[in-house]
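Residue-level structural notes
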Amino acid sequence: MYVPKRHQLTDREDIFALMESHPLATWVCQGAGGLVTNHIPLFLDRNRGKFGTLIGHVSRANPVWRELGESTASVVIFHGPQAYISPGWYPGKAEHGKVVPTWNYAVAHAHGTARAVQDRGWLLDMLNRLTNAQEDRQPTPWRTGDAPAPYIDRMLNAIVGIEMPIDRLEGKLKASQDEDLQDRLGTVSALRRDPRPEAGQMADLVMKAIDDETPGR
C-alpha cells in the first residue's frame, strides 16, 4: 500500500481499534486461478502473536478454504471511516481558488498466511468470540447456547474456520493532513453538519490529526 509519511498510521492500538470497530474485512489470497477475494467478519485476538491473530469462517461451499497452503499469502483489508471532501468547504476557495476535491479515509492492512480449521471445538470457540463481540452491545445479548444444540451442530458442519496470524500490519489515515489549517477546520465544520455517522467520525479524525500536530493542544 502506498502511504505518504503524513498519512502513516503507526500506533498499533489505533490500528487495532480500527479493525475491531469495522470487523467486516476484505480478504484477498492467491488461488490456483488467480487472486481470490471474499468479504467476511473477523475477530481480532490481540493476545496471540506480536500483531495479533484473525479468526473467522467461510461457508464449506466456498472453495477458498481448499486453496490455502503453507505458503499462500493473504492480505486482509479493514475499511474505516471515509468521506468525500468538497473544495467548497475551504476558505482558500474564496481567497485564491487553488483547491480541488479529495477523499479522506482510514484503512488497515493485515498480512499473513491463512489456514483452514475444521476442529469442532475450535469452530465453536470462534463462533462464540465472533458473536459475543457484537452481541455484547445488545440489551439482551444472544448466545450460541440459546439455540438448540442439534441446530448448532448442523451449522458447524456447514462452515470451515479461517485463522491467520498477522505477520505485518499497515495503517493509513488520510485526514486532510495536506491542507492548510483553515481549510482543515472548514472540513471539520462541514462534516459535522452532515448527519451521516461516517461524516462525524471523519470529522473527529481530522480534528485528532490537527491536535496531534499542534504542540500544547
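Residues numbered from 1 in each chain as written. Predicted model: local features only at pLDDT ≥ 70, side-chain atom pairs only at ≥ 80, totals over all residues. Heavy atoms only, no water.

As a further point, take the overall build of the protein chain. A tally of helices and strands in the protein chain yields seven helices and eight strands. The C-alpha extent of the protein chain, read off along each of the three principal axes, is 70 × 45 × 30 Å. Every one of the 217 residues in the protein chain was classed for burial, and the buried ones make up 44%. Of the contacts formed within the protein chain by residues at least 6 apart in sequence, a portion of 75% connects residues at least 24 apart. Within the structure as shown, the protein chain displays about 11,900 Å² of accessible surface, and the carbon and sulfur contribution to it stands at 54%. (Helix = DSSP H or I, 4+ residues; strand = E, 2+ residues; numbered from the N terminus. Buried < 20%, exposed > 50% of the residue type's maximum accessible area, 1.4 Å probe, protein only. Contact = heavy atoms within 4.5 Å. Areas by Shrake-Rupley, 256 points an atom, 1.4 Å probe, with all protein chains shown as cover.)

In a structure, side chains of opposite charge can pair up when their charged atoms sit close to one another. Scanning the entire structure with this criterion turns up 14 salt bridges. A salt bridge links Arg46 to Glu13, with the shortest nitrogen-to-oxygen separation between them at 2.7 Å. Placement of Arg46 in the loop between β3 (43–45) and β4 (53–59) and of Glu13 in helix α1 (residues 12–21) is noted, with a sequence separation of 33 residues between them. Residue Glu13 is classed as partly exposed on the basis of its relative accessible area, which comes to 40%. Across the pair Arg168 and Glu170 runs a salt bridge whose closest N-O atoms are separated by 3.5 Å. In this structure, a network of salt bridges that share partners links the residues Arg6, Arg184 and Glu213. (Salt bridge = Lys/Arg side-chain N within 4 Å of Asp/Glu carboxyl O.)

In summary, the side chains of a regular strand alternate between the two faces of the sheet. With five of seven residues buried, β4 is to be regarded as a mostly interior element. Both β3 and β4 contribute to a ladder of three bridges, which runs antiparallel. Note on β4: the bridge partner recorded for Asp45 is Thr53. (Pairing = 2+ DSSP bridges.)

Right, let's talk about the packing of helix α6 (residues 181–193) against helix α7 (residues 197–213) for a bit. Interhelical geometry of α6 versus α7 gives an angle of 155° and a closest axis separation of 8 Å. Considering their axes alone, α6 and α7 lie roughly antiparallel with respect to each other. Here α6 runs over α7; the crossing is left-handed. Facing α6, whose interface residues are Leu181, Arg184, Leu185, Val188, Leu191 and Arg192, α7 presents Ala199, Gly200, Met202, Ala203, Asp204, Val206, Met207, Ala209, Ile210 and Glu213. (Axes fitted to C-alpha atoms, helices over the stretch in contact; angles between N-to-C directions. Parallel < 35°, antiparallel > 145°, perpendicular 65-115°, else oblique. Left-handed = near helix turned anticlockwise from the far one by under 90°.)

Moving on, we get to the side chain of Glu163. Take Glu163: it is sitting in strand β8 (residues 159–174). The class of Glu163 is buried, set by a relative accessible area of 5%. Only 2.8 Å separates the side chain of Glu163 from the side chain of Arg48, close enough to count as a polar contact. A distance of 2.7 Å separates a polar atom in the side chain of Glu163 from a polar atom in the side chain of Arg115. (Polar contact = N/O pair within 3.5 Å; in protein donor to acceptor, adjacent residues only side chain to side chain.)

This next bit is on the pairing of strand β2 (residues 34–41). Bridge analysis of strand β1 (residues 24–31) against β2 gives eight bridges, and the strand direction is antiparallel. Residue pairing for β2: Gln30 is matched across the bridge by Leu35.

Here the focus is the environment of Arg115. As for its position among the elements, Arg115 is in strand β7 (residues 115–117). You can call Arg115 partly exposed: its relative accessible area is 42%. The spatial distance from the C-alpha of Arg115 to the C-alpha of Ala175 is 35 Å, given a sequence separation of 60 residues. With residues up to four places along the chain from it excluded, the contact list for Arg115 reads Leu68, Gly161, Ile162 and Glu163.

Of all hydrophobic cores here, the largest spans 42 residues; its most connected members are Met19, Trp27, Leu54, Val76, Phe78, Ala110 and Ile166. With seven residues, α7 is the single largest residue contributor to this core. Setting aside chain neighbours within four positions, we find Ile166 in contact with Met19, Leu44, Phe51, Gly52, Thr53, Leu54, Ala110 and His111. Judged by nonpolar contacts, the second largest core, of twelve residues, contains Leu123, Ala147, Ile152 and Ile159. (Core = buried A, V, L, I, M, F, W, Y, C linked by side-chain atoms within 4.5 Å.)

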